[in-house]
Amino acid sequence: MIILGIESSCDETAAAVVEDGKKLLSNVVNSQVDIHAEYGGVVPEVAARSHIEVINPVIRQAMREANVTWDDIDAIAVANAPGLVGSLLVGTLAAKTLAELYDKPLYPVHHVEGHIYANFITVQQSPNLDLPSKQPAFPMLALAVSGLHSQLVLFEDHGNYRLLGETLDDAVGEAFDKVARMLGLPYPGGPAIAQAALTGDPKKYAFPKAKLKSPYDFSFSGLKTAVLRAIQREVGVDHTFPSHELPGRLNDAQQADFAASFQHVAVKTLVDATVKSTQEFYPASVVIAGGAAANQELRSQLAERLPIDIEYAPMSLCTDNAAMIAALGYYRAQAVQPTSVDDTKVFPSISMTDTVWA
Ligand code: KG4
Ligand code: ZN
């Protein structure tokens, strides 16, 4: 079964073609990062307009690179939740129009659940990615960490999962983005902090890890404030000093030490909860997903501390893409009826545990 996936929930316009939920035939991502970097974050109206401009060429390119025509496509999957409403609408409307025009079944899917399914892509048409050697086994523990979500989810099977824990405030990617801004590092903050941290001392500042009732929940907002206060102390100003004026007062070594110390605690928070979950629930596999899953420190701390082996999706399938949407679409198509074009709507803030696999 060949599925065309479409993704436009935030600032990437993406289309991909995937066969049987695991073979990558093409994966086209048009990133708007350069456009939004100027503003230090995603500007919703600008994102929606840019999606409109490129969605058709991106879909055409994905089909061309996969070497398929509309006759070959068995179904269309689209991320219709969660995300920026204007952005979600563009991809969803494109998918609905194409489903109607070419008479294809349509499977709307959840973006964060899609991130997890990047780990099911294990075969490729043109061998240029370092893919996992096999698909994850169930029960599967998934750590989903993006700019908007930080969740630990236990999957008994496709479509049968429960939330073990989640962030009580900021998502971890969001914390990376906000701390990067304090340090004068560019947007998106994740890769910038990871890069700066390479030359920093992760033990220079002992930032506290939030203590929460559940060992599977996370909190990053206290850590973010602790970093802010430490920077203010370091440069000799009090807590009323505006954070946007701090970067100019830090030298490269201080910036690197703050980046490394923050990253160390943020990653340890995620790894502690993941390791604890494996001790309680004995999953057969552990996967990580979402933009922050590209973080190298997270990968090495997990590899070191997890009691079972872990394989990682390549970086390009961790950040937003449509291959993960097409992969999830395949498994949904095995389990549920397609959604009618008229009933396909966007849900900007629904959690994956509130979507139904009927
Ligand atoms: O999944 P994603 O591409 O978009 C959302 O669904 O949000 O995730 C983007 C987030 C951003 O907050 C970005 O700073 C973070 O993922 N990110 C990283 C890294 N690369 C991207 N965070 C930490 N380390 C990285 N290497
Ligand atoms: Zn995402």
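Note that the coordinates shown come from a computational prediction; the quantities given were computed from them, not determined experimentally.

Now for the overall build of the chain. The helix and strand tally for the chain stands at eleven helices and ten strands. In terms of C-alpha radius of gyration, the chain reaches 20 Å, essentially the compact-globule figure of 21 Å for 358 residues. Summarising its shape, the C-alpha atoms of the chain cover approximately 65 × 45 × 35 Å along the three principal directions. Taking all 358 residues of the chain together, 56% fall into the buried category.

Side-chain direction in a regular strand flips from residue to residue, so the side chains alternate between the two faces of the sheet. The element strand S4 (residues 75-81) is largely enclosed, with a buried count of seven among its seven residues. By the bridge criterion, four bridges tie strand S1 (residues 2-7) to S4 in an arrangement that is parallel. Counted as the bridge partner of Ile 6 is Val 78 from S4. Both S4 and strand S5 (residues 106-110) contribute to a ladder of five bridges, which runs parallel. Bridged to Ala 81 within S5 is His 110. Tracing the backbone out of S4, into helix H3 (residues 85-102) and back to the parallel element S5 gives a crossover that is right-handed.

A separate point is the coordination of the zinc ion (ligand 2). Summarising the metal site, the zinc ion (ligand 2) is bound by the protein donors His 111 (NE2), His 115 (NE2) and Asp 320 (OD), whose distances to it range over 2.0 to 2.1 Å. Going along the chain, you hit the donors of the zinc ion (ligand 2) in the pattern H-x3-H-x204-D. One end of the pair, His 115, is in helix H4 (residues 111-117); the other, Asp 320, is in the loop between helix H10 (315-318) and helix H11 (323-335), with 205 residues separating them in the sequence.

Near ligand 1 lie 19 residues; those nearest to it are Gly 147, Asp 177, Gly 190, Gly 291 and Asn 295. In this structure, Gly 190 approaches ligand 1 through a main-chain N or O atom, which is 2.9 Å from an oxygen atom. Within the contact set of ligand 1, an oxygen atom lies 3.5 Å away from a backbone nitrogen or oxygen of Ala 292. Notes on ligand 1: free accessible area 550 Å², of which the protein chains cover 89%. Taken together, the elements giving at least two residues each to the shell around ligand 1 come down to H4, helix H5 (172-183) and helix H6 (189-197).

Before going further, it helps to examine the environment of Thr 69. Here Thr 69 lies in the loop between helix H2 (44-66) and S4. Looking at Thr 69, the relative accessible area reads 44%, which means it is partly exposed. Sequence separation between Thr 69 and Ser 9 is 60 residues; the distance between their C-alpha atoms is 25 Å.

Assigned domains of the chain: these are domain 1 (2-134 + 315-354) and domain 2 (140-305). Each of domain 1 and domain 2 was reduced to a C-alpha centroid, and the two centroids are 27 Å apart. At the junction of the two partners, domain 1 supplies 22 residues and domain 2 supplies 23 residues. Buried area between domain 1 and domain 2, both sides added, is near 1900 Å², and the carbon and sulfur share of it is 69%. A per-residue breakdown of the area domain 1 buries against domain 2 is headed by Ile 116, Met 315 and Cys 318, which together make up 26% of the total. Counting across the interface, domain 1 meets domain 2 through six residue pairs in polar contact (both at pLDDT 80 or more). A per-element tally of the side of domain 1 that touches domain 2 places H4 first, with five residues. Taken together, the residues that form the side of domain 1 that touches domain 2 break down as twelve nonpolar, eight polar and two charged.

As a further point, take the nonpolar core. Counting 95 residues, the largest nonpolar core has Ile 116, Phe 155, Phe 207, Phe 262 and Leu 298 as the members making the most contacts within it. Of the domains in this structure, domain 1 (2-134 + 315-354) and domain 2 (140-305) are the two that each give at least three residues to this core. Sequence-distant contacts of Phe 207, that is, excluding residues within four places in its chain, are made with Leu 223, Ala 226, Val 227, Ala 230, Phe 258, Ser 261, Phe 262 and Val 265. One finds Ile 2, Leu 25, Val 78 and Ala 94 within the second-largest nonpolar core, a separate group that totals 26 residues.

What follows concerns the sheet that holds strand S7 (residues 140-145). Strands sit in the order S9-S8-S7-S10 across an open sheet of four strands; the sheet is mixed. Bordering the open sheet on either side are strand S9 (160-166) and strand S10 (285-289), each of which pairs with just one other strand. Recorded for the sheet is a direction-independent mean angle of 20° between the axes of neighbouring strands. The pairing of S7 with S10 spans five bridges and is classified as parallel. Paired with Ala 144 across the bridge in S10 is Ala 289. Across the sheet, helix H8 (residues 252-281) touches S7, strand S8 (150-157), S9 and S10, and the angle it forms with S7 is around 165°.

It is worth spelling out unusual backbone geometry at this point. Look at the link from Ala 81 to Pro 82: it is a cis peptide, with omega at -25°. Tracing the chain through its elements places Pro 82 in the loop between S4 and H3. Cis geometry is adopted by the peptide bond preceding Pro 139, which originates at Phe 138 and carries an omega value of -5°. Not every positive phi belongs to a glycine, and Asp 20 is a case in point at roughly 50°. Among the structural elements, Asp 20 can be located in the loop between strand S2 (12-19) and strand S3 (23-31).

What counts, and at which threshold
Residues numbered from 1 in each chain as written. Chains lettered and ligands numbered in written order. Predicted model: local features only at pLDDT ≥ 70, side-chain atom pairs only at ≥ 80, totals over all residues. Heavy atoms only, no water. Helix = DSSP H or I, 4+ residues; strand = E, 2+ residues; numbered from the N terminus. Rg over C-alpha atoms; globule rule 2.2 N^0.38 Å. Buried < 20%, exposed > 50% of the residue type's maximum accessible area, 1.4 Å probe, protein only. Pairing = 2+ DSSP bridges. Right-handed = clockwise from strand over helix to strand, strands pointing away. Donors = N, O, S within 2.8 Å, 3.2 Å for Na, K, Ca; no water. Near = heavy atom within 4 Å. Polar contact = N/O pair within 3.5 Å; in protein donor to acceptor, adjacent residues only side chain to side chain. Areas by Shrake-Rupley, 256 points an atom, 1.4 Å probe, with all protein chains shown as cover. Domains from an automatic or database assignment. Contact = heavy atoms within 4.5 Å. Buried area = accessible area lost by both parts, 1.4 Å probe. Nonpolar A, V, L, I, M, F, W, Y, C, P; charged D, E, K, R; others polar. Core = buried A, V, L, I, M, F, W, Y, C linked by side-chain atoms within 4.5 Å. Axes fitted to C-alpha atoms, helices over the stretch in contact; angles between N-to-C directions.

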